[in-house]
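The residues making up each chain are set out below.
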Amino acid sequence: MRLLIKNATCVLPSGLAAANILVDDGKILGVDPPVSARADEVIDAAGKHLIPGVIDDQVHFREPGLTHKEDLRTGSMACAKGGVTTFLEMPNTKPATITCDRLHEKLDLAASKSVVNFGFYVGATSDNIEDLQAAKRTPGIKIFIGSSTGDLLVDEQAALERIFAETTLPITAHCEDETTVRANAERLAGGKTLADHSRIRDHAAAEIATKRAIDLAVRHKHRFHVLHVSTAQETELLRDARPFVTAEACPHHLFFNVKDYGRLGSRIQMNPSIKTAEDGAALWQALLDGRIQVIATDHAPHTLDEKSKPYPQSPSGLPAVENSLALMLNEVNLGRCTLEQVVHWMCDAPARVWDIVGKGRIAEGYDADLVLIDLAKTATIRDEEQVTKSRWSPWDGVTLTGWPTHTWVGGRLVYAEGRFDEAVRGREAFFDHSRGGYWT
Ligand code: DOR
């Protein structure tokens, strides 16, 4: 099937350009062919922008084991609505993805259920080095250096040294120092209010763990991606991070701060915790000057019933994949960043960090994972309209201008203005780690 998307303003690697895009057999066949190019279907996208599909390199889709919160069908549909055409999912499912067999089971499950493209990390434990060494078909190894949802945790120095020394896949980690978190929790008698969550999982916890992980990466010359940077102090650690370290910021740390607990309560209870407005400003600055390369969501759904338990029984995590792109497009409209920067942070940079072949750009030969956006469309996020199985958003009631309207996965239209083609299936992303990552 040949598809021609004509008259859109496209975000190309060279910048914004009015161009027609010709798609054949799931790939981009031509950038700016004549408008008369032969096609089975023609979409006139005048007045809209076309961008590469978003690659969200940190989501928790809960399958297997916790599918009352989310599953690969609902999570991937939320992606399609949000303009996310590829997700990379974390290993803290039940059972956790800590062996090659479990990794392959997840890949098979996603091939049968996911409407967008997918990849899955392999989780580290203190004694699964053989699996970490043997794993293929994965973006990399995930270490919980601090514990979060689930029971994955590796915080003994000897085990961490071994993982960095004896494996070759890129490594990423949840960085909150377990010793600091436990000491803070004891001091605060476990915590009584949500504000205590940010005192328990405090600035020092994030900074100590991120420093420790960067030190491991640099000493072992091992590629390492810092997930969900949440403090100004961590952004300082990223100043001399080349060539081994890349980093990510999440919308909840960019848009919320501790003052929002009063208004939003456990809806913004996250690990790493929400920090101050000054930390949020430091994250923005680090994105703008290139110390942080990637924006991803850490989409971590729990039901509202679970979230309504009193702290600390309320679980940490919030859903975000269906609104992350719109949140950033709204910032483009506010003049805080450009559309090209958003495409860099959300499409091209994650493809480069994880060596994903054929994704992240609108260029000939690349996969036709494409998103049409309407920068003038204004809409309000509503819990009841969310596609995530958890059916809520921490941005409920927030009005944004700039929304994805159409999403193609491998040249097939999976989402168009509120409607899904649930028959579309995404594909396993292909990681070619010989590419050497973001800095090469
Ligand atoms: O708050 C969080 N929840 N942070 C994580 O890193 C994990 C996540 C989850 O899986 O619920």
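Look above for the structure.
Residues numbered from 1 in each chain as written. Predicted model: local features only at pLDDT ≥ 70, side-chain atom pairs only at ≥ 80, totals over all residues. Heavy atoms only, no water.

Draft legend 1. Expanded view of the site of the ligand. In the neighbourhood of the ligand, 14 residues make up the surrounding shell, with Arg-62, Asn-92, Thr-149, Asn-271 and Ser-316 lying closest. At 2.6 Å, a side-chain N or O of Thr-149 approaches an oxygen atom of the ligand. Note that an oxygen atom of the ligand is positioned 3.1 Å from one of the side-chain N or O atoms of His-174. Per-class residue counts for the shell around the ligand are two nonpolar, ten polar and two charged. (Near = heavy atom within 4 Å. Polar contact = N/O pair within 3.5 Å; in protein donor to acceptor, adjacent residues only side chain to side chain. Nonpolar A, V, L, I, M, F, W, Y, C, P; charged D, E, K, R; others polar.)

Draft legend 2. How the structure looks around the environment of Pro-13. In this structure, Pro-13 sits in the loop between strand S1 (2–12) and strand S2 (15–24). Sequence-wise, Pro-13 and Glu-340 are 327 residues apart; in three dimensions their C-alpha atoms are separated by 8.7 Å. When residues no more than four places from it in sequence are discounted, the contact partners of Pro-13 are Arg-361 and Ile-362. (Helix = DSSP H or I, 4+ residues; strand = E, 2+ residues; numbered from the N terminus. Contact = heavy atoms within 4.5 Å.)

Draft legend 3. Representation of the nonpolar core. Formed by 77 residues in total, the largest nonpolar core has its most connected members in Phe-87, Ile-143, Phe-224, Ile-292, Leu-325 and Met-346. The biggest single contributor to this core is helix H14 (residues 339–353), with six residues. Beyond its immediate stretch of four places on either side in the chain, Ile-143 contacts Ala-124, Val-154, Leu-160, Ile-163, Phe-164, Ile-171, Thr-172, Ala-173 and His-174. Within the second largest apolar cluster, 20 residues are counted, among which are Leu-264, Ala-320, Leu-327 and Trp-392. (Core = buried A, V, L, I, M, F, W, Y, C linked by side-chain atoms within 4.5 Å. Buried < 20%, exposed > 50% of the residue type's maximum accessible area, 1.4 Å probe, protein only.)

Draft legend 4. Quick look at the sheet that holds strand S14 (residues 294–295). Pairing is parallel in the open sheet, where six strands are placed in the order S9-S10-S11-S12-S13-S14. With one partner strand each, in any of the chains shown, strand S9 (122–123) and S14 form the two edges of the open sheet. One ladder, built from two bridges, connects S9 with strand S10 (residues 141–144); its direction is parallel. Opposite Val-122, over in S10, you have Ile-141 as the bridge partner. (Pairing = 2+ DSSP bridges.)

Draft legend 5. Molecular detail of the packing of helix H13 (residues 324–334) against H14. Interhelical geometry of H13 versus H14 gives an angle of 150 degrees and a closest axis separation of 9 Å. Looking at the two axes, H13 sits roughly antiparallel to H14. Relative to H14, the crossing made by H13 is right-handed. Contacts between H13 and H14 pair Ser-324, Leu-325, Met-328, Leu-329 and Val-332 from the former with Leu-339, Val-342, Trp-345 and Met-346 from the latter. (Axes fitted to C-alpha atoms, helices over the stretch in contact; angles between N-to-C directions. Parallel < 35°, antiparallel > 145°, perpendicular 65-115°, else oblique. Left-handed = near helix turned anticlockwise from the far one by under 90°.)

Draft legend 6. View of helix H1 (residues 72–82). Summarising burial for H1: ten of the eleven residues are buried, a large majority. Taken together, the buried positions of H1 are occupied by Leu-72, Thr-74, Gly-75, Ser-76, Met-77, Ala-78, Cys-79, Ala-80, Lys-81 and Gly-82. The N-capping residue of H1, defined by a side-chain oxygen 2.8 Å from the backbone nitrogen of Arg-73, is Asp-71. Following H1 by one or two positions, Gly-83 adopts a phi angle in the positive range, close to 85 degrees.

Draft legend 7. Local environment of the sheet that holds strand S8 (residues 117–120). Strand order in the open sheet made by the three strands is S6-S7-S8, with parallel pairing throughout. Among the strands making up the open sheet, the edge pair consists of strand S6 (54–59) and S8. Direction aside, neighbouring strands of the sheet carry axes that sit 20 degrees apart on average. Here strand S7 (residues 84–89) pairs with S8 via four bridges, running parallel. Residue Leu-88 lies in a different strand from S8, and its bridge partner there is Gly-119.

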